Amino acid sequence: MTIEWNAFLIVAVVTWVAALFIVGAYSLGVRMLAVGEDAKSSALPSRLAAYGCFAMCGIVVLFGIVLIVPALSERILGS
């Protein structure tokens with residue numbers, strides 16, 4: 001049994017990037033909600049930005065689940 005180090009490196013890098021993206025987007029979303037609470041007169045733009053950040057987190061998580069589950073991967077991605 002041999003380890004394909006190139007594939008291992010790709011998986012490790014993609015995992016780190018995805019984790020950093022999810023944590024960063026979620027943190028930014030929480031921050032935007034806090035800003036919206038502080039500025040009651042113009043809360044709509046910051047709330048929309050927060051919900052957009054949360055939506056991006058959800059999309060990345062769902063895409064990861066699709067990649068992990070073989071039945072979903074075959075049905076959705078066709079490979």
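Residues numbered from 1 in each chain as written. Predicted model: local features only at pLDDT ≥ 70, side-chain atom pairs only at ≥ 80, totals over all residues. Heavy atoms only, no water.

Draft legend 1. Summary view of the packing of helix α1 (residues 5–38) against helix α2 (residues 43–68). α2 packs onto α1 with a crossing angle of 160 degrees between their chain directions and a minimal axis gap of 8 Å. One way to sum up the angle between α1 and α2 is to call them roughly antiparallel. Pair α1 / α2 crosses with left-handed handedness. Where α1 abuts α2, its residues F21, I22, A25, Y26, L28, G29, V30, M32, L33, V35, G36 and E37 lie against A43, S46, R47, A49, A50, Y51, C53, F54, M56, C57, V60 and V61. (Axes fitted to C-alpha atoms, helices over the stretch in contact; angles between N-to-C directions. Helix = DSSP H or I, 4+ residues; strand = E, 2+ residues; numbered from the N terminus. Parallel < 35°, antiparallel > 145°, perpendicular 65-115°, else oblique. Left-handed = near helix turned anticlockwise from the far one by under 90°. Contact = heavy atoms within 4.5 Å.)

Draft legend 2. Molecular detail of the layout of surface pockets. In this structure, the largest pocket spans a volume of roughly 200 Å³. In terms of lining, the largest pocket is formed by V11, V14, T15, A18, A19, V60, F63 and L67. Elements supplying a minimum of two residues to the lining of the largest pocket: α1 and α2. The dominant element in the lining of the largest pocket, judged by the number of residues it contributes, is α1, at 5 residues. (1 Å grid on protein atoms, 1.4 Å probe; cavity = no way out; pocket = protein on both sides within 12 Å on 5 of 7 lines; lining within 4 Å. Points joined across faces, edges and corners; volume = space filled by probe spheres on them.)

Draft legend 3. Representation of the environment of A55. Mapped onto the elements, A55 comes out in helix α2. Separated by 26 residues in sequence, A55 and G29 have C-alpha atoms that sit 9.5 Å apart.

Draft legend 4. Main features of the packing of aromatic side chains. For the structure shown, the criterion picks out 2 aromatic pairs. For the ring pair W5 and F8, a centre distance of 5.7 Å and an interplane angle of 85 degrees mean the geometry is edge-to-face. With W5 and F8 both in helix α1 and 3 residues apart, this pair spans about one turn of that helix. Taken individually, W5 and F8 each receive the classification exposed, so the pair is uniform in this respect. (Phe/Tyr/Trp six-rings, centres within 6.5 Å; stacked < 30°, edge-to-face > 60°. Buried < 20%, exposed > 50% of the residue type's maximum accessible area, 1.4 Å probe, protein only.)

Draft legend 5. Looking closely at the state of the cysteines. On inspection of all chains with the given rule, the structure shows 0 disulfides. We note that C57 lacks a disulfide partner, and the nearest cysteine sulfur, in C53, lies 7.1 Å from it. Judged by its relative accessible area of 7%, C57 falls in the buried class. (Disulfide = S-S within 2.5 Å.)

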